Amino acid sequence: MSSSKICVVVISGSLERLQMAAMVASVAAVSGCEVLVFFSMNALPHFIKGRHVKASHEGEMGALMSSKKVPEFKTLFEQAVELGEAKIYPCSMAMDVLAVENKDLESYLSEATGLTKFLDDARDGQVWTF
Amino acid sequence: MANRKIVDGRGSFCPGPLMELIVVLKTCKVGDEIEVLSTDKGSANEIPEWCQKIGHAHIGTTEEGGVWHIIVRKSK
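Since we're looking at a predicted model, the values are computed, not measured. (Residues numbered from 1 in each chain as written. Chains lettered and ligands numbered in written order. Predicted model: local features only at pLDDT ≥ 70, side-chain atom pairs only at ≥ 80, totals over all residues. Heavy atoms only, no water.)

1. Examining the overall build of chain A
(1) Moving on: A tally of regular secondary structure across chain A gives 5 helices and 4 strands.
(2) Moving on: In sequence order, the secondary structure elements of chain A are arranged as β-α-β-α-α-β-α-α-β.
(3) Moving on: The C-alpha radius of gyration of chain A comes to 14 Å, within 12% of the 14 Å expected for a compact globule of 130 residues.
(4) Moving on: Overall, the C-alpha framework of chain A stretches about 40 × 35 × 25 Å when taken along its three principal axes. (Helix = DSSP H or I, 4+ residues; strand = E, 2+ residues; numbered from the N terminus. Rg over C-alpha atoms; globule rule 2.2 N^0.38 Å.)

This is the structure in structure tokens:
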């Protein structure tokens, strides 16, 4: 039962954008929406297993969030999948450039997906870009 | 008799307390009550909104010394 479809495209590696994308994806997913997330460009390296590079912040909010107990964006994306059945697709082009395979990515990510399939899946949903 | 569980979301920020509530709701039976403690005013607004949308009962909210107590009953 889905009241609507929300597609979240994340290409930024900045803390503020990753955080906002994770908030939209997780809250939508637990509120009855079908949620599809697409990670590409600078967003994807954050989801390589074992990489613990902190997302850089763009401004005041990011710096403040780093010092407070704001839920981590990775936790929120994982909860979007586990609690709300969101699907998170890593961009196959970004994976090729980074030379990573599905097994190298966080386990809550789905299989590598290209734009052709994602655009087709997203055509009847709202698209949010971060 | 219905149980009441406490979800301590103090110190966290939106949507942390909501997510913690949902994790616990999944382990509860219909009729059980959950009291969410939150120091985040956004969550005090967000959790009742979510309950209304999803169909769980928001029993009430009180605020004491900067801590919101948001009581929810699992309804389905």
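2. Notes on the interface of chain B and chain A
(1) Moving on: Residue-level contacts link 15 residues of chain B with 13 residues of chain A.
(2) Moving on: Between chain B and chain A the total buried area reaches about 1200 Å² when both faces are included, carbon and sulfur atoms providing 72% of it.
(3) Moving on: Among the residues chain B hides against chain A, the three largest losses belong to B:F13, B:P15 and B:M19. Together they make up 40% of the total.
(4) Moving on: Where chain B touches chain A, the interface holds 0 salt bridges.
(5) Moving on: Linking chain B with chain A are 3 residue pairs in polar contact (both at pLDDT 80 or more), by the criterion used here. (Contact = heavy atoms within 4.5 Å. Buried area = accessible area lost by both parts, 1.4 Å probe. Salt bridge = Lys/Arg side-chain N within 4 Å of Asp/Glu carboxyl O. Polar contact = N/O pair within 3.5 Å; in protein donor to acceptor, adjacent residues only side chain to side chain.)

3. Here's the deal with the environment of A:K5
All names here are of chain A.
(1) Moving on: Relative to the helices and strands, K5 is located in strand β1 (residues 5-10).
(2) Moving on: The buried category is assigned to K5, whose relative accessible area is 14%.
(3) Moving on: Considered as a pair, K5 and E78 are 73 residues apart in the sequence and their alpha carbons are 18 Å apart.
(4) Moving on: Leave out the neighbours within four places in its chain, and K5 touches E34, L36, D121, D124, G125 and Q126.
(5) Moving on: Separated by 2.9 Å, the side chains of K5 and D124 make a polar contact. (Buried < 20%, exposed > 50% of the residue type's maximum accessible area, 1.4 Å probe, protein only.)

4. Thoughts on the packing of helix α3 (residues 73-84) of chain A against helix α1 (residues 16-25) of chain B
(1) Moving on: The contact between α3(A) and α1(B) brings their axes to 12 Å, and the two run at 30 degrees. By the angle between their axes, α3(A) is roughly parallel relative to α1(B). Seen along the crossing, α3(A) lies across α1(B) with a hand that is left-handed. Taken together, the residues of α1(B) that come into contact with α3(A) (itself represented by A:L76, A:Q79 and A:L83) are B:M19, B:I22 and B:V23.
(2) Moving on: A per-class count over the contact of α3(A) with α1(B) returns 5 nonpolar, 1 polar and no charged. (Axes fitted to C-alpha atoms, helices over the stretch in contact; angles between N-to-C directions. Parallel < 35°, antiparallel > 145°, perpendicular 65-115°, else oblique. Left-handed = near helix turned anticlockwise from the far one by under 90°. Nonpolar A, V, L, I, M, F, W, Y, C, P; charged D, E, K, R; others polar.)

5. Section: α3(A)
All names here are of chain A.
(1) Moving on: Between its first and last C-alpha atoms α3 spans 15 Å; for 12 residues at 1.5 Å apiece the expected length is 16 Å, and the two agree.
(2) Moving on: Most of α3 sits out of view: 9 of its 12 residues are buried.
(3) Moving on: Turning to α3, its buried residues are F73, K74, L76, F77, Q79, A80, V81, L83 and G84.
(4) Moving on: Downstream of α3 by one or two residues, E85 has phi in the positive range, about 60 degrees. (Expected span 1.5 Å × (residues − 1).)

6. Description of unusual backbone geometry
(1) Moving on: Cis rather than trans, the peptide bond between B:C14 and B:P15 has omega equal to 0 degrees.
(2) Moving on: Mapped onto the fold, B:P15 is located in the loop between β1 (4-8) and α1.
(3) Moving on: In this model, A:M41 sits at a positive phi of 45 degrees, which is unusual for a non-glycine residue.
(4) Moving on: By the element assignment, A:M41 lies in the loop between β2 (34-39) and α2 (60-66).
(5) Moving on: One non-glycine residue with positive phi stands out, namely A:A99, at about 55 degrees.

7. Focus on the environment of A:S4
(1) Moving on: Summarising the element assignment, A:S4 is placed in the segment before β1.
(2) Moving on: The contact partners of A:S4, leaving out residues within four places of it in the chain, are A:C33 and A:E34.

8. Structural notes on the packing of aromatic side chains
Any pair of aromatic rings gets described here by the distance separating the centres and the angle formed by the planes.
Residues and elements named next belong to chain A.
(1) Moving on: Tallied over the full model, the rule gives 5 aromatic pairs over all chains.
(2) Moving on: Summarising the aromatic geometry, the rings of F39 and F47 are spaced 4.1 Å apart at their centres and angled 15 degrees between planes, so their arrangement reads as stacked.
(3) Moving on: What makes F39 buried here is its relative accessible area of 0%.
(4) Moving on: Between F47 and F77 the ring centres are 5.7 Å apart and the planes differ by 80 degrees, which places this aromatic pair in the edge-to-face class. In this pair, F47 sits in the loop between β2 and α2 while F77 sits in helix α3, placing the two residues 30 residues apart along the sequence. F77 shares its class with F47; the two are buried.
(5) Moving on: Among the aromatic residues, those joined into a ring-pair cluster are F39, F47, F73 and F77. (Phe/Tyr/Trp six-rings, centres within 6.5 Å; stacked < 30°, edge-to-face > 60°.)

It is worth stressing that arrangement in space is one thing and function is another; only the former is reported here.
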